[in-house]
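Per-entry structural report
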Amino acid sequence: MNKQVEANLSMVVSKALGGLNMNALKYLLPLWIAPVTGVTFRLVFGAAAFWLIDIFCKPEGSTTRQKWQLFMLGALGIYGYMFFYLLGISKTTPVSSSIFVSLEPIWVFIIAVLFIRKSTWMKVLGIGMGLGGAILCISTQPSDDLASNAPLGNLMCLVSSLVYAIYLVLSNRLLKGVGNMTMLKYTFLGAAVMAVIVNTIYGFDAPILRMSLFSTPMLVLLLFWYSLPLLVIYYFPSG
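All of these numbers come straight from a predicted model, not from anything done at the bench.

1. Points about the overall build of the protein
Each helix and strand in the protein was counted, giving nine helices and zero strands. Taken from the N to the C terminus, the helices and strands of the protein come in the order α-α-α-α-α-α-α-α-α. Across the 239 residues in the protein, those meeting the buried criterion constitute 46%. Partitioning the contacts of the protein with sequence separation of at least 6, the portion at a separation of at least 24 is 85%. Accessible surface for the protein amounts to roughly 12900 Å². Of this, 71% is attributable to carbon and sulfur atoms.

What follows is the structure, given as structure tokens:
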């Protein structure tokens, strides 16, 4: 299959699965899993899964320094993104959270303009309009049954998209020679370690663990919150 077609199909699949994932998150948080505990669940599972998958993959070369850089990027970038995003979606709606996730390319562009390259005023104007729309969503969306504190939730989702954009820029500039599986292994390891530390401070809260394996919340957790995000994360770097 043509590489460009494969990359485009991977992105379509990842976005479709991401939409299912957002609704699964909203169903589970915060009633069945506290957001901070949910972050720990996902990152520890992801780290374990990627280290297990790597056993069957072709070895990739990397230096000790690169591994530590990946570890720190994961501890700050991936964990920061996931922390703010899960807290945000627990307070707002899946539709609103998806709007702020879509702002990641805008943040990447702004960071590139400020620190890497120049741009035209038309592009800057377009980016400004996009950010203006996001700010309008934050300030005007009312709270309701699905959004217990929509403005705060939207703001957290906005911050999560900014954190992830910074992570993408740093990982691209500093670690271009590192393979996909190496990046996934060490960034998720760093994020998982940070998650366990923070969760120890906040306390563990997961009523879902007292439910049957075949209960609706548990099936949503296993089918949509773990397996689908794993595919999303795996396919995204390969594109």
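2. Points about the packing of aromatic side chains
Taken as a whole and assessed by the stated rule, the structure comprises nine aromatic pairs. On the basis of an interplanar angle of 40 degrees and a centroid distance of 5.6 Å, the ring pair of Phe41 and Phe204 is categorised as tilted. With Phe41 in helix α2 (residues 35-54) and Phe204 in the loop between α8 (180-202) and α9 (216-238), the pair connects residues that are 163 residues apart, well separated along the chain. The class of Phe41 is buried, set by a relative accessible area of 15%. A relative accessible area of 54% means that Phe204 is categorised as exposed.

3. Here's the deal with the confidence of the model for the protein
Mean pLDDT for the protein: 77, with 72% of residues reaching 70 or above. In the model, residues 228-239 has pLDDT below 50 throughout and makes 27 contacts with residues more than four positions away in sequence or in other chains.

4. A few points about the nonpolar core
Grouped together as the largest cluster of nonpolar side chains are 53 residues, with contacts concentrated most on Val39, Leu43, Tyr79, Tyr85, Leu86, Phe188 and Ile208. Mapped by element, the contributors of at least two residues to this core are α1 (3-28), α2, α3 (64-89), α4 (94-101), α5 (104-115), α7 (150-174), α8 and α9. No other element matches α3, which puts eleven residues into this core. Sequence-distant contacts of Leu43, that is, excluding residues within four places in its chain, are made with Ile78, Tyr79, Met82, Phe188, Ala191, Ala192 and Ala195.

5. Describing the pattern of salt bridges
What the rule picks out here adds up to one salt bridge. Residue Asp54 is joined to Lys185 by a salt bridge in which the shortest nitrogen-to-oxygen separation is 2.9 Å. Of the two residues, Asp54 sits in helix α2 while Lys185 sits in helix α8, which places them 131 residues apart along the sequence. Lys185 sits in the buried class, given a relative accessible area of 10%.

6. Some points on the packing of α2 against α3
The contact between α2 and α3 brings their axes to 9 Å, and the two run at 135 degrees. The orientation of α2 relative to α3 falls into the category oblique. Along this stretch, α2 crosses α3, giving a crossing that reads as right-handed. Residues Pro35, Val36, Gly38, Val39, Arg42 and Leu43 of α2 lie in contact with α3, whose contacting residues are Ile78, Tyr79, Met82, Phe83, Leu86 and Leu87.

7. A short note on the side chain of Thr187
Note on placement: Thr187 falls in helix α8. Polar side-chain contacts of Thr187 include one of 3.5 Å to the backbone oxygen of Leu184.

8. Regarding a nonpolar patch on the surface
Together, Leu162, Ile166, Leu170 and Leu174 line one region of the surface with nonpolar side chains, adding up to about 310 Å² of accessible area. As for its placement among the helices and strands, Ile166 is situated in helix α7.

9. Regarding the packing of α2 against α8
At a closest axis distance of 8 Å, the pairing of α2 and α8 adopts a crossing angle of 150 degrees. With respect to α8, the axis of α2 lies roughly antiparallel. Judged by the twist between their axes, the crossing of α2 over α8 is left-handed. Split into classes, the residues belonging to the contact of α2 with α8 amount to 19 nonpolar, four polar and two charged.

10. Quick word on α4
Looking only at α4, the buried set comprises Pro94, Ser96, Ser97, Phe100 and Val101. Taken end-on, α4 shows its buried residues confined to a sector of 160 degrees, consistent with a single buried face.

11. Here we look at the environment of Ala48
Within the element layout of this structure, Ala48 appears in helix α2. When the C-alpha atoms of Ala48 and Ala192 are compared, they prove to be 9.2 Å apart, with 144 residues separating the residues in sequence.

12. Here we look at the environment of Gly80
Relative to the elements of secondary structure, Gly80 occurs in helix α3. Separated by 41 residues in sequence, Gly80 and Val39 place their C-alpha atoms 9.9 Å apart. Aside from chain neighbours lying at most four places away, what touches Gly80 is Ala75 and Val163.

Rules behind the numbers
- Residues numbered from 1 in each chain as written.
- Predicted model: local features only at pLDDT ≥ 70, side-chain atom pairs only at ≥ 80, totals over all residues.
- Heavy atoms only, no water.
- Helix = DSSP H or I, 4+ residues; strand = E, 2+ residues; numbered from the N terminus.
- Buried < 20%, exposed > 50% of the residue type's maximum accessible area, 1.4 Å probe, protein only.
- Contact = heavy atoms within 4.5 Å.
- Areas by Shrake-Rupley, 256 points an atom, 1.4 Å probe, with all protein chains shown as cover.
- Phe/Tyr/Trp six-rings, centres within 6.5 Å; stacked < 30°, edge-to-face > 60°.
- pLDDT = per-residue confidence, 0-100.
- Core = buried A, V, L, I, M, F, W, Y, C linked by side-chain atoms within 4.5 Å.
- Salt bridge = Lys/Arg side-chain N within 4 Å of Asp/Glu carboxyl O.
- Axes fitted to C-alpha atoms, helices over the stretch in contact; angles between N-to-C directions.
- Parallel < 35°, antiparallel > 145°, perpendicular 65-115°, else oblique.
- Left-handed = near helix turned anticlockwise from the far one by under 90°.
- Polar contact = N/O pair within 3.5 Å; in protein donor to acceptor, adjacent residues only side chain to side chain.
- Patch = residues over 30% accessible without salt bridge, like charges linked within 9 Å, V, L, I, M, F, W, Y side chains within 5 Å.
- Nonpolar A, V, L, I, M, F, W, Y, C, P; charged D, E, K, R; others polar.
- Arc of directions from axis to C-beta.

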